[in-house]
Amino acid sequence: MAELLGFPPQVLFGQLLIGLINGSFYALLSLGLAIIFGLLNIINFAHGAQYMLGAFVAWLGLNFLGVNYWVSLLLAPLVVAAIGIALEKTMLRRLYKEDHLYGLLLTFGLALIIEGSFIHFFGVSGQPYSVPQALTGGNNLGFMFLPTYRAWIIVASLIICFGTWYMIERTKLGSYLRAGTENPQLLQAFGINVPLLITLTYGYGVALAAFAGVLAAPIYSVSPVMGSNLLIVVFAVVVIGGMGSIMGAIVTGLLMGLIEGLTKVFYPEASTTVIFLVMIIVLLVRPAGLFGKEA
Amino acid sequence: MKMIKKLMCSAVVSAMAAAGAAQAKGISDDEVRIGYLADMSGTYSALAGPGGLEAAKMAIEDFGGKVNGKKITIVSADDQNKPDIGANKVRQWIDVDNVDMVAGMVSSAVTIAVNKVVEAKDKISIVSGSASSAITNQYCTANSVHYVYDTYALAHGTGEAVVKEGGDSWFFLTADYAFGHAMEGDVTTVVKESGGKVVGGVRHPLSTNDFSSFILQAQASGAKIVGLANAGADTTNALKTAKEFGVVDAGQKLAGLLIFLTDVYSLGLETTQGLQLTTGFYWDRTDETRAWAKRYEERTGAKPTMVQAGVYSSVNHYLNAVKAAGTDETSAVMAQMKKTPINDFFATNGQIREDGRMIHDMYLAEVKKPSESKSDWDLYKILRTIPADKAFRPLSESKCKLVAGN
């Protein structure tokens, strides 16, 4: 059997596929962050908490209201987006003209409050959420056993990611959004309701986080700290991709998943740090990020 | 008459002597203070945390809130699994708040740091949560007791049983820090002694979110047994991923080396069924354990883990020793605790050895199938009892400075 870099190809392919699956989560989450930063200039530190909220809404729905996974996949992002919109209307809105730091502090504080109250009511040990019946089982691909649910994660997140990219970069609505960030006064002069546009954008970014949360619920335990574990990595992904770049966030998310996957084969001890290493190198070589526009 | 006078005199004299002795020793500053230290909100808070504090309070209430007429009080703190925070807190407790005994204690690293403080200040600690067998081996002190379980007991209990049933080739998923390394080392020894071999392993960072890559490597190794030398959220995540990738369906078996009742409850039986594990306590074992667990559940909403049950038992044993010794002075209480066997719902004929290890029967358990479980917390069946003298590291192998001959 030929070997690649000292490992049988089966092992390597398996790891690459796994990397792609994890990358899908990074892409989905960093996309939401990138949209919010790109259009609102807010560094949304509550993103991890909103991701966790998505998973919890799904869990609560299943256990107390009998709402199944598929409905939750639609419903949870809407519920969490509504909470997000309320936050935007009452608090975030006041900070657009201030320094980035204020938005960061506010959202970070909110994240701590949300997580803290969930820890108080649900504990940290995590609640089980089973994989929906239609997506149980898996296929043997020859080089690895691929659970159906993991395949679904790739498909679902790629559709959402590229759909979002298309909407922002290729449609009329998207052009309003982009115009709104460039010159809100001018856009308003054309009769477009810019504040509403911004509110909805924040809601959409938050909904993306909640969607990722529902996707994650069956494979990771639904726990109040699930978001804070992931958030730092996702921020690194956004920085590597270039703050505010939509395509950059998606591609970098997938790429970092792959790099992390390979690290897990060659030197597993470094698998949690490799992304930050990449971040340092990218910042040294291209301070605006891989896809960012040089200032 | 003369006789009676003489008797009266001696009675008075001895009564005065007894009073004098009690005054010299007695209860320091008229209160017995217990400090409960644990991870109260993080990864390990479900297995000990607030539940353990409630167990300690129950022990004090059951004792009547007073020992020898002196009030018993309890304080608690969150060590956040950080040795420096834990050690500083305990130093403050002892110096400022006059705490006499520290209970709970989860992360092994915190425990080793705290025990050094407790030894230097000559107070007492009773460790219920930590795993590392080093606590009563190279790090043993005359001031500390390790109460519930340790890595040696887990490795021997689960490791031996698994190899005996034909699981003779192992692949380890090991948490990359002191506890994981110790666990892997202890199990490796057991596996080799029992005629098995270790074909490989991965050391993963603490608090790994995604185990799919490591599970894939475990599958590729072809080992019969995948040993989980990790704890808390890492173990539950690894088990979940193993289930998803069909590890058990493909013919490999999992051996969880440190599994708590709350882990199994959180994962559900569908994922954990058939898993073998070693535990120091299971609530549904005898009438006594059931009765206590019921009272505990009424207060906390959950059944107790072995750690939480151990906290109750250890606080109770401590208070009994204070009562019998008539003082909370360290050496007298330690001597009293070591010479009194522990007989309660938690342990039968438990005995604290000179190295501080409390030896008691351990249990090899198997997680039930969903069809066998009759209620939410009906999770284990006990396969066999591992007798106290077999469960823990024999003194002849001890490196502890307190053991004769060392």
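Positions within a chain are numbered from 1, following the residues in the order the chain's sequence is written. Written order decides the labels, with chains lettered from A and ligands numbered from 1. Where local features are concerned, this predicted model is filtered to residues with pLDDT of at least 70; where side-chain atom pairs are given and counted, the filter is 80 or more; whole-chain, interface and lining totals use all residues. To get the side-chain values, take all heavy atoms of the structure and skip hydrogens and water.

With that settled, the discussion passes to the overall build of chain B. Only DSSP runs of H or I reaching four residues or more are called helices, and only runs of E reaching two or more are called strands; each is numbered from the N terminus. For chain B, the count of helices and strands is 14 helices and 15 strands. Our radius of gyration looks at C-alpha atoms and nothing else; its globule reference is 2.2 Å times the residue count to the power 0.38. By the compact-globule yardstick of 22 Å for 406 residues, chain B fits well, its C-alpha radius of gyration being 23 Å. Principal-axis analysis of the C-alpha atoms gives chain B an extent of 90 × 45 × 40 Å. A total of 406 residues make up chain B; the buried ones form 58% of that total. Restricting to contacts in chain B with at least 6 residues of sequence separation, those with at least 24 account for 70%. Positive residues here are Lys and Arg, negative ones are Asp and Glu, while His and the chain termini are left out of the count. A charge is said to be at NZ when it belongs to Lys, at CZ for Arg, at CG for Asp and at CD for Glu. The average position of the 43 basic charges and that of the 46 acidic charges among the side chains of chain B differ by 6 Å. Throughout this description, buried means an accessible area under 20% of the type-specific maximum (1.4 Å probe, protein chains only), exposed means over 50%, and partly exposed covers the range between. Whether two residues are in contact is decided by their heavy atoms, any of which lying within 4.5 Å being enough.

What follows is about the interface of chain B and chain A. Contacts between the two partners involve 24 residues from chain B, matched on the other side by 30 residues from chain A. Summed over both partners, the accessible area (1.4 Å probe) lost when two parts come together is defined as the buried area. Both sides together, the interface formed by chain B and chain A hides about 2300 Å², and carbon and sulfur atoms give 54% of it. Among the residues of chain B in contact with chain A, B:N209, B:K240 and B:E244 are the three that bury the most area, contributing 25% of the side total. The residue A:R150 makes a salt bridge to B:D210 at a minimum N-O spacing of 3.3 Å. Definition of a polar contact: a pair of N or O atoms within 3.5 Å, with one able to donate and the other able to accept a hydrogen when the atoms are protein atoms, and with sequence-neighbouring residues admitted only if both atoms are side-chain atoms. At the surface where chain B touches chain A, the tally comes to 6 residue pairs in polar contact (both at pLDDT 80 or more). Those elements that place two or more of their residues in the side of chain B that touches chain A are β8 (197–204), α7 (212–221), α8 (232–244) and α9 (261–267) of chain B. For the side of chain B that touches chain A, the element with the highest residue contribution is α7(B), accounting for 6 residues. Residues are grouped as follows: nonpolar covers Ala, Val, Leu, Ile, Met, Phe, Trp, Tyr, Cys and Pro; charged covers Asp, Glu, Lys and Arg; every other residue, Gly included, is treated as polar. Here the side of chain B that touches chain A is composed, by residue class, of 8 nonpolar, 11 polar and 5 charged. Definition used for salt bridges: Asp or Glu carboxyl oxygen within 4 Å of a side-chain nitrogen of Lys or Arg.

Here we come to the state of the cysteines. Residue and element names in this part refer to chain B. Here, the term disulfide refers to a pair of cysteine sulfur atoms separated by no more than 2.5 Å. Inspection of every chain in the model, using the stated rule, returns 1 disulfide over all chains. The partner cysteine of C140 in its disulfide is C400, sulfur to sulfur 2.0 Å. An S-S torsion of about 80° defines the bridge between C140 and C400 as right-handed. Residue C140 is found in the loop between β5 (124–127) and β6 (144–146), and its partner C400 is found in the segment after α14 (388–391); the two are separated by 260 residues along the sequence. Take C140 and C400: they sit in the same class, and that class is buried.

Okay, the side chain of B:T141 next. Residue and element names in this part refer to chain B. Examined against the element boundaries, T141 turns out to sit in the loop between β5 and β6. Side-chain polar atoms of T141 contact the backbone nitrogen of N143, separated by 3.1 Å. Here S144 takes part through its side chain, which lies 3.2 Å from a polar atom of the side chain of T141. Once residues lying within four places of it in the same chain are set aside, the contact partners of T141 are N115, E119, K401 and L402.

Another point: the packing of aromatic side chains. Two numbers describe a pair of aromatic rings. These are the distance of the centres and the angle of the planes. Aromatic contacts are taken between Phe, Tyr and Trp rings whose centres are within 6.5 Å, Trp giving its six-membered ring; a plane angle under 30 degrees counts as stacked, one over 60 as edge-to-face, and the others as tilted. Under the defined criterion, the tally for this structure stands at 25 aromatic pairs over all chains. On the numbers, 4.7 Å between centres and 25° between planes, the contact of A:F45 with A:F235 is stacked. Note that A:F45 is positioned in the loop between α1 (9–40) and α2 (47–65) and A:F235 in helix α9 (residues 226–241), a separation of 190 residues in sequence. Both residues of the pair, A:F45 and A:F235, belong to the buried class. Geometrically, the ring pair formed by A:F56 and A:F122 is tilted, given 4.9 Å between the ring centres and 40° between the ring planes. Placement of A:F56 in helix α2 and of A:F122 in helix α4 (residues 100–122) is noted, with a sequence separation of 66 residues between them. Grouped by ring-pair contacts, the aromatic residues B:Y147, B:F281, B:W292, B:Y296, B:Y312, B:F345 and B:F346 constitute a single cluster.

Residues and elements named next belong to chain B. Two kinds of site are reported from a 1 Å grid over the protein atoms alone, namely cavities, where a 1.4 Å probe fits but cannot get out, and pockets, open sets with protein on both sides within 12 Å along at least five of seven lines, and residues are called lining when an atom falls within 4 Å of a point. Grid points are joined across faces, edges and corners, and a volume is the space filled by probe spheres set on the points. Counted according to the given criterion, the structure contains 7 cavities of 30 Å³ or more. Lining the largest cavity are 15 residues, and of these Y44, V106, A131, Y149 and L258 sit closest to its centre. Of the residues assigned to the lining of the largest cavity, the class counts are 10 nonpolar, 5 polar and no charged. Both domains that furnish three or more residues to the lining of the largest cavity are identified here as domain 1 (30–149 + 285–356) and domain 2 (152–279 + 363–388). Where each domain starts and ends comes from a domain assignment, either automatic or drawn from a database.

Every other side chain in a regular strand lies on the same face of the sheet, so the side chains alternate between the two faces. All names here are of chain B. What you see with strand β11 (residues 276–279) is no split at all: Q276 and T278 on one side and L277 and T279 on the other are buried throughout. Pairing between strands is defined by DSSP: at least two bridges between the two strands are required. In this structure, β11 lies alongside strand β14 (residues 362–367), joined through 4 bridges in antiparallel fashion. Residue pairing for β14: T278 is matched across the bridge by L364.

Tallying each qualifying case throughout the model produces 25 salt bridges over all chains. We note a salt bridge from B:K224 to B:D168, for which the minimum N-O separation is 3.0 Å. Linking B:K224 in the loop between α7 and β9 (225–229) with B:D168 in the loop between α5 (151–164) and β7 (169–175), this pair joins segments that are 56 residues apart in sequence. One continuous salt-bridge network, built from bridges that share partners, spans A:R150, A:K264, B:D210 and B:E244.

Turning next to the domain arrangement of chain B. Residues and elements named next belong to chain B. Here chain B is partitioned into domain 1 (30–149 + 285–356) and domain 2 (152–279 + 363–388). Each of domain 1 and domain 2 was reduced to a C-alpha centroid, and the two centroids are 28 Å apart. Contact with domain 1, which involves 15 residues of that partner, is made by 17 residues of domain 2. Both faces considered, domain 1 and domain 2 share a buried interface measuring about 1400 Å² in area, 71% of it formed by carbon and sulfur atoms. Across the contact surface, domain 1 and domain 2 share 0 salt bridges. The interface formed by domain 1 and domain 2 contains 1 residue pair in polar contact (both at pLDDT 80 or more). In terms of residue class, the side of domain 1 that touches domain 2 is made up of 9 nonpolar, 3 polar and 3 charged.

With that settled, the discussion passes to the environment of B:K71. Residues and elements named next belong to chain B. Relative to the elements of secondary structure, K71 occurs in strand β3 (residues 70–78). According to the relative accessible area criterion, K71 is partly exposed, its value standing at 46%. Placed 40 residues apart in sequence, K71 and E31 show a C-alpha to C-alpha distance of 5.1 Å.

This brings us to a nonpolar patch on the surface. Within this analysis, patches are made of residues with over 30% relative accessible area and no salt bridge. Like charges are joined at 9 Å or less; nonpolar side chains (Val, Leu, Ile, Met, Phe, Trp, Tyr) at 5 Å or less. With residues, only the protein chains shown are counted as cover, and all accessible areas are computed by Shrake-Rupley using a 1.4 Å probe. A surface patch of nonpolar side chains, about 400 Å² in accessible area, is lined by A:V71, A:L75, A:L78, A:V79 and A:I83. Along the chain, A:L75 falls in helix α3 (residues 69–90).

Now for the layout of surface pockets. Residues and elements named next belong to chain A. Approximately 1100 Å³ is the volume found for the second largest pocket. Lining the second largest pocket are 34 residues; nearest its centre among them are F37, G38, L39, N41 and T181. Of all the secondary structure elements, the ones that give two or more residues to the lining of the second largest pocket are α1, α5 (148–170), α6 (172–182), α7 (184–189), α8 (194–216) and α10 (246–266). For the lining of the second largest pocket, the element with the highest residue contribution is α1, accounting for 6 residues. Class assignment of the residues belonging to the lining of the second largest pocket gives a composition of 17 nonpolar, 10 polar and 7 charged.

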